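Each chain, letter by letter, is given below.
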Amino acid sequence: MAAAIALAAAGCAGGDAAGTGDRRIAVVASTNVYAQIAQAIGGDAVDATAIISKASQDPHEFEPSARDQLTVSRADLIIENGGGYDAFMDQLVEASGTTAPVLTAVEFSHDWPGGSAHDDSEDGDGHDHGHVDGFNEHVWYDPATMGELAAGIASQLEVLSPDDAATFTANVETFRAGIADLENRLADIDAAHAVAPVFVTEPAPLPLVDAAGLHDVTPPAFSEAVEEGQDVAPATLLEAMRLLESGDVQVVIANAQTGGAETTQIIEEAQTRGIPVLEFTETLPADTTYLEWMAQNIDALRSALQ
C-alpha cells in the first residue's frame, strides 16, 4: 500500500503549477472548520478538503487512513490546528513526504506561548505541535485568531497563485469584516453580562466565553477529565453539582462531541434547576460557513444569558 501511495503521489506531482491553468490550489485541512475558511478566502481558485468533517469523528483520537495520506501528499497548502489537538496531521505530513507549506492555527493566537510545548513535541520544521500547558488549543472559538489565520491563508495563496492575489485580498477583507461583526456581538454580551458565571463541561468553547467577558466557574479537574475521556473524580463531581445547586451559574455549555456519565449528570441537573444548557461542537455543521456558525453560537449564548 505504501508503494502504491508513493507512485500515486509521484504521478500527480508533475501537472500544472498550483493556481495556473485549469487546476485549483489543493488545500487540505485537518477539520472542515479550516477547510471552509480556506474556501472562503480562496474562492474559485481553491479546492479545500477536510480530513475530518463529521461530528462523530474526534480529532483527539482520529486514526488517519492511507487515503488521507494520499490526500495530504497532493496538497499545495496544509492547514492544521496544532497545539496537540490534531496530531494526526503531523503524522500525515511526515509520512506523505509533502513539501507543501503548513499553516498552524494556534500560532496565530495572541496567547500562543510558542517554544513551551512538551519536550517530545517539536518536529523538524521548528514548530511545536504538542499540547502546551496552560494554553487552550481550541482556537477556532476565538474569532480574532481566525481573522489572523485568514490573512495568513491569503498570503500563502498569493504565493501559490499571484494572478489571483486581488481576489484573495478582497475575500480576506470580507471575511475579516465578518469577524468584526462577531466581535461586536461578543462585546454586546460583555457589556450586558460581564463576568456572568458559566459552567463549561469541556474546554473547547472557552475562548468564546472569554471573548464575551464571562466567568468560567467550572472546576478545572472536571473539564480536564472530560476532555481526556477520563472519569470525573467523585469529589470533583460533587463540587460541580454544588455549583449548580448554588443558583449562581447562569448557563451550562457542553461539548456535543465529547462527554460521559458525569457530563450527562451536569446537563440533567441544570435542566432540573432551569439553567439554560447549550451544546457546542468541534466541527462545522453541514451547509454552514464559519461566520454563520459562530454567529449562531454567540446569539445562542446571548439568548441563554437573557
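A brief look at the structure comes next.

Here is what the cut-offs are and how they apply
- Residues numbered from 1 in each chain as written.
- Predicted model: local features only at pLDDT ≥ 70, side-chain atom pairs only at ≥ 80, totals over all residues.
- Heavy atoms only, no water.
- Helix = DSSP H or I, 4+ residues; strand = E, 2+ residues; numbered from the N terminus.
- Buried < 20%, exposed > 50% of the residue type's maximum accessible area, 1.4 Å probe, protein only.
- Contact = heavy atoms within 4.5 Å.
- Areas by Shrake-Rupley, 256 points an atom, 1.4 Å probe, with all protein chains shown as cover.
- Axes fitted to C-alpha atoms, helices over the stretch in contact; angles between N-to-C directions.
- Parallel < 35°, antiparallel > 145°, perpendicular 65-115°, else oblique.
- Left-handed = near helix turned anticlockwise from the far one by under 90°.
- Nonpolar A, V, L, I, M, F, W, Y, C, P; charged D, E, K, R; others polar.
- Salt bridge = Lys/Arg side-chain N within 4 Å of Asp/Glu carboxyl O.
- Phe/Tyr/Trp six-rings, centres within 6.5 Å; stacked < 30°, edge-to-face > 60°.
- Pairing = 2+ DSSP bridges.
- Right-handed = clockwise from strand over helix to strand, strands pointing away.
- Core = buried A, V, L, I, M, F, W, Y, C linked by side-chain atoms within 4.5 Å.

### Considering the overall build of the protein chain
Assigned secondary structure in the protein chain consists of eleven helices and eight strands. The buried share of the protein chain, reckoned over its 306 residues, is 49%. Long-range pairs, those at least 24 residues apart, make up 66% of the contacts in the protein chain between residues at least 6 apart in sequence. Here the protein chain has roughly 13700 Å² of accessible surface; of this, 47% comes from carbon and sulfur atoms.

### Structural notes on the side chain of serine 30
With respect to the helices and strands, serine 30 occurs in strand β1 (residues 25–31). Excluding residues within four positions of it along the chain, serine 30 makes contact with Ile51, Ile52, Ile79, Glu80, Asn81, Asp86, Phe88 and Met89.

### A look at the packing of helix α3 (residues 66–73) against helix α4 (residues 87–96)
Pairs of packed helices are described in terms of their axes, by the angle between the two and the distance that separates them. Following both chains from N to C, one finds α3 and α4 inclined at 70 degrees, their axes separated by 9 Å at the closest point. With respect to α4, the axis of α3 lies roughly perpendicular. Handedness of the α3/α4 crossing: right-handed. Every residue of α4 that contacts α3 at Asp68, Gln69, Val72 and Ser73 is listed here: Leu92, Val93, Ala95 and Ser96. Partitioning the contact of α3 with α4 into residue classes produces four nonpolar, three polar and one charged.

### Re the pattern of salt bridges
Taken as a whole and assessed by the stated rule, the structure comprises six salt bridges. The salt bridge involving aspartate 181 is made with arginine 185; its shortest N-O contact spans 2.9 Å. Taken together, the positions of aspartate 181 and arginine 185, both in helix α6 (residues 165–193) and four residues apart, correspond to about one turn of that helix. Here aspartate 181 falls in the partly exposed class, since its relative accessible area comes to 34%. Taking the relative accessible area as the measure of exposure, arginine 185 reaches 23% and is therefore partly exposed. We note a salt bridge from aspartate 299 to arginine 185, for which the minimum N-O separation is 2.8 Å.

### Focus: the packing of aromatic side chains
Scanning the entire structure with this criterion turns up nine aromatic pairs. Chaining the aromatic ring pairs together yields one cluster made of Tyr85, Trp140, Tyr141, Phe175, Phe280, Tyr290 and Trp293.

### Side note on the pairing of strand β3 (residues 77–80)
Where burial is concerned, the two faces of β3 agree: the one with Leu77 and Ile79 and the one with Ile78 and Glu80 are both buried. Sheet topology note: the β1/β3 ladder contains three bridges and is parallel. Directly across from alanine 29, in β3, lies its bridge partner isoleucine 79. The pairing of β3 with strand β4 (residues 102–104) spans three bridges and is classified as parallel. By the bridge assignment, isoleucine 79 is partnered in β4 with leucine 103. In terms of handedness, the path from β3 via α4 over to β4 forms a crossover that is right-handed.

### Concerning the packing of helix α5 (residues 143–160) against α6
Between α5 and α6, the least distance of the axes is 9 Å, while the angle of their chain directions is 180 degrees. As judged from the angle between their axes, α5 and α6 are roughly antiparallel. Across the interface between the two elements, Pro143, Ala144, Met146, Gly147, Glu148, Ala150, Ala151, Ala154, Leu157 and Glu158 of α5 pack against Ala165, Phe168, Thr169, Val172, Phe175, Arg176, Ile179, Leu182, Glu183 and Leu186 of α6. Its residues assigned to classes, the contact of α5 with α6 comprises 14 nonpolar, two polar and four charged.

### Quick notes on the sheet that holds β4
If you trace the four strands from one edge of the open sheet to the other, you get β2-β1-β3-β4, paired in parallel fashion. Edge positions in the sheet fall to β2 (46–52) and β4, since each has one partner strand and no second. Neighbouring strand axes in the sheet, compared pairwise and without regard to direction, differ in orientation by 20 degrees on average. Across the sheet, helix α2 (residues 32–42) is in contact with β1, β2 and β3; its angle to β2 comes to roughly 175 degrees. Across the sheet, α3 is in contact with β1, β2 and β3; its angle to β2 comes to roughly 150 degrees.

### A short note on the sheet that holds strand β8 (residues 277–280)
If you trace the four strands from one edge of the open sheet to the other, you get β6-β5-β7-β8, paired in parallel fashion. Strands with a single pairing partner mark the edges of an open sheet, and in this sheet they are β6 (215–216) and β8. With three bridges joining them, strand β5 (residues 197–200) and strand β7 (residues 251–255) adopt parallel strand pairing. Its bridge partner lying in β7, valine 200 is registered against isoleucine 253. Together, β5, β7 and β8 form the strand contacts of helix α10 (residues 261–272), whose direction differs from that of β8 by roughly 145 degrees.

### What about the nonpolar core?
Core analysis: the largest hydrophobic core is formed by 58 residues, its most contacted members being Met146 and Tyr290. Among the elements that take part in this core, helix α11 (residues 290–305) stands out by supplying eight residues, more than any other. Sequence-distant contacts of tyrosine 290, that is, excluding residues within four places in its chain, are made with Val33, Gln36, Ile37, Trp140, Asp142, Pro143, Met146, Phe175, Ile179, Leu182 and Leu284.

These figures come from the coordinates and say nothing about function on their own.
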